[in-house]
Amino acid sequence: MEDYEILCRLGGGSFADVYKALEKKTGEVVAIKVLKQKYTKWEDCLDLREVKSLKKLHEEPICHQLGIKHIIKLKQIIFIKESGTLNLVFEFMEKDLFELMKATSPKHLTEAQIRAIVYQSLLGLSLMHKYGFFHRDMKPENLLVVGETVKIADFGLAREIRSIPPYTEYVSTRYYRAPECILKSTNYNSPVDIWALGCIMAEMYLHPQPLFFGNNEKEVLIKICSILGTPTHSTWAEGIQQAQKVSIKFPNMPGTNLASVIPQASPEAIDLMYQMINWDPNKRATAHNLLQHPFFTNYSISTTISNSFDNTSSSSKVKRYSNQSKKKESHHHKEEDINIISTKTKNDSLNHFGVEENLNEEEDSGQKDEDKISNLLNDTEGFDKCKFLL
């Protein structure tokens, strides 16, 4: 860690702390994620989902032609064997989507901006899903922005699409949680990312109110029913069966036309969102197919998405909700292999920040209850200050 000068702490959560740092040799600003769990072997570090997924995606030669620029770059892995500390060095991004939406308030992002953000996000998801991973924690805070480029970040909950269920029941932040996860299903897959992005797209029109706002999962489920209508055997038979298994009863609601909820959205935008927030995960469109939707093909994709962002607000920003530490990033970097470093040095420049907790980053395959998982997902500084007052 002697190659970096720590500038400040950016934030943290249950699993890690994140610091803004300066690479002394190049003068490049980076974000360093310090995991709280201690490790004893290299193999354990390299087997982490976040490391495996990002390493594989950035090492695939074809990925560099398809959309890898829309996935956060893991620049370096630094393992300090003596202390058991694992440090992940990322490119430093300027802001996240939540901050971008907040900066435009009381106005909203234009549809041209929303189109560009969703398009770039779908490029990242399409690549990720094609090469075997799904994110499981898509939300505005995990869509980072540098210049006019959007990148998907925070792969701490990522899973391999071909991995064998069961998975953890409760994943993602509540407002973006797919109904199959709300119903405690442990057999879900990449469609949960599509659902979440549909919710994010709607929120860009509605900010500061999420489309499916609720103080708990029951309220979120009621909100989903109020918009999509109660699922039936013809619309989602598996969901009705799963609800019966966990003793959850859907409220009987007719639903509301999404166009009346988001009147400023174009008909193409409404149709796109409907394809993403379908009750049945098997009927949600794939990221690849969504990229061919008229919302994108009938219009030119804007190259300007952040012209309304006020950089002066970044020093006083407060976060809303984050499950793990937030990675902030800012300068463009050339593509390069991940630099892996193992060292036994005692001169760990992060030791004085008191990173000593030993929390297990791996979920217990569905054994944790809702309250515990929800608390972990929502554990970040400033969360209570940023709850919506509706």
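Residues numbered from 1 in each chain as written. Predicted model: local features only at pLDDT ≥ 70, side-chain atom pairs only at ≥ 80, totals over all residues. Heavy atoms only, no water.

**Student:** I keep staring at the nonpolar core and nothing clicks. Help me out?
**Tutor:** Note that soluble globular proteins tend to have their nonpolar side chains buried in a common cluster. Formed by 92 residues in total, the largest nonpolar core has its most connected members in Met-201 and Met-273. With 12 residues, the top contributor of residues to this core is helix H7 (residues 191-206). The contact partners of Met-201, leaving out residues within four places of it in the chain, are Ile-114, Val-118, Ala-269, Leu-272, Met-273, Met-276 and Phe-295. Listed in part, the 11 residues of the second largest apolar core include Met-1, Val-30, Ile-78 and Val-89. (Core = buried A, V, L, I, M, F, W, Y, C linked by side-chain atoms within 4.5 Å. Buried < 20%, exposed > 50% of the residue type's maximum accessible area, 1.4 Å probe, protein only. Helix = DSSP H or I, 4+ residues; strand = E, 2+ residues; numbered from the N terminus. Contact = heavy atoms within 4.5 Å.)

**Student:** Teacher, can you tell me more about the packing of H7 against helix H11 (residues 267-276) here?
**Tutor:** Between two packed helices, the angle of one axis relative to the other and the distance separating the axes together describe the packing. The geometry of H7 relative to H11 is characterised by a closest axis approach of 8 Å and an angle of 150° between their N-to-C directions. In the packing of H7 onto H11, the handedness of the crossing is left-handed. Of the residues in H11, those in contact with Ile-194, Trp-195, Leu-197, Gly-198, Met-201, Ala-202 and Tyr-205 of H7 are Ala-269, Leu-272, Met-273 and Met-276. Within the contact of H7 with H11, the residues separate by chemical class into 10 nonpolar, 1 polar and no charged. (Axes fitted to C-alpha atoms, helices over the stretch in contact; angles between N-to-C directions. Left-handed = near helix turned anticlockwise from the far one by under 90°. Nonpolar A, V, L, I, M, F, W, Y, C, P; charged D, E, K, R; others polar.)

**Student:** Looking at this structure, how should I read helix H8 (residues 217-228)?
**Tutor:** In an α-helix, one turn spans 3.6 residues; hence positions three or four apart end up facing the same way. Taking 1.5 Å of rise per residue, 12 residues should cover 16 Å, and H8 covers 16 Å from first to last C-alpha, within 8% of that figure. The residue sitting at the N-terminus of H8 and contributing the capping side-chain oxygen is Asn-216; that oxygen lies 3.1 Å from the backbone nitrogen of Lys-218. Gly-229 sits one or two positions beyond H8 and adopts a positive phi of about 85°. (Expected span 1.5 Å × (residues − 1). Polar contact = N/O pair within 3.5 Å; in protein donor to acceptor, adjacent residues only side chain to side chain.)

**Student:** Got a minute to help me understand helix H5 (residues 111-130) in this structure?
**Tutor:** Helix length check: H5 (20 residues) gives 28 Å between terminal C-alpha atoms against 28 Å at 1.5 Å per residue, within 8%. Among the 20 residues in H5, 17 count as buried, and that is most of the element.

**Student:** Explanation requested: the sheet that holds strand S9 (residues 149-152) in the structure shown.
**Tutor:** By definition, the strands of a sheet pair up through backbone hydrogen bonds, in either a parallel or an antiparallel sense. The strand order across the open sheet formed by 3 strands is S6-S8-S9, and the pairing between neighbours is antiparallel. Edge strands, defined here as strands with exactly one partner in the open sheet, are strand S6 (95-96) and S9. Sheet topology note: the strand S8 (residues 143-146)/S9 ladder contains 4 bridges and is antiparallel. The residue bridging Val-145 from the neighbouring strand is Val-150, located in S9. (Pairing = 2+ DSSP bridges.)

**Student:** Is there a simple way to explain the packing of aromatic side chains in this structure?
**Tutor:** Ring pairs (aromatic) are described by centroid distance and by the angle formed between their planes. Tallying each qualifying case throughout the model produces 9 aromatic pairs. With a centroid separation of 5.4 Å and 40° between ring planes, the pair formed by Tyr-175 and Phe-213 is classed as tilted. Placement of the pair is Tyr-175 in the loop between strand S10 (159-160) and helix H6 (179-182) and Phe-213 in the loop between H7 and H8, with a sequence separation of 38 residues. Here the two residues Tyr-175 and Phe-213 agree in accessibility, since each one is buried. Relative to Phe-296, the ring of Phe-295 has its centre 5.2 Å away and its plane inclined at 70°; by these criteria the two rings are edge-to-face. Residue Phe-295 shares its accessibility class with Phe-296, and that shared class is buried. Three or more aromatic residues link up through ring pairs in this structure, and these residues are Tyr-119, Phe-295 and Phe-296. A cation over an aromatic ring shows up here: Arg-115 above the ring of Phe-295, its NZ or CZ 4.4 Å from the ring centre. (Phe/Tyr/Trp six-rings, centres within 6.5 Å; stacked < 30°, edge-to-face > 60°. Lys NZ or Arg CZ within 6 Å of the ring centre and 35° of its normal.)

**Student:** Could you clarify how one ought to interpret the pairing of S8 in this entry?
**Tutor:** Successive side chains on a regular strand alternate, one facing one side of the sheet and the next facing the other. Neither face of S8 is open: one carries Leu-143 and Val-145, the other Leu-144 and Val-146, and all of them are buried. Of the pairings in the sheet, the one linking S6 to S8 comprises 2 bridges and is antiparallel in character. Note on S8: the bridge partner recorded for Asp-96 is Leu-144. Between the antiparallel neighbours S8 and S9 lie 2 residues, among them Gly-147 with a positive phi of about 60°.

**Student:** Hey, could you run me through unusual backbone geometry in this one?
**Tutor:** Residues other than glycine predominantly adopt negative phi, and peptide bonds predominantly adopt the trans conformation. Between Ser-105 and Pro-106 the backbone carries a cis peptide bond, its omega angle lying at 10°. Cis geometry is found at the peptide bond from His-207 to Pro-208, where omega equals 15°. Mapping Pro-208 onto the fold places it in the loop between H7 and H8. One non-glycine residue with positive phi stands out, namely Lys-184, at about 65°. Tracing the sequence through the fold places Lys-184 in the loop between H6 and H7. Of note in the backbone geometry, Ser-247 takes a positive phi value of approximately 60° without being a glycine.

Function cannot be read off these values alone, since they describe shape.
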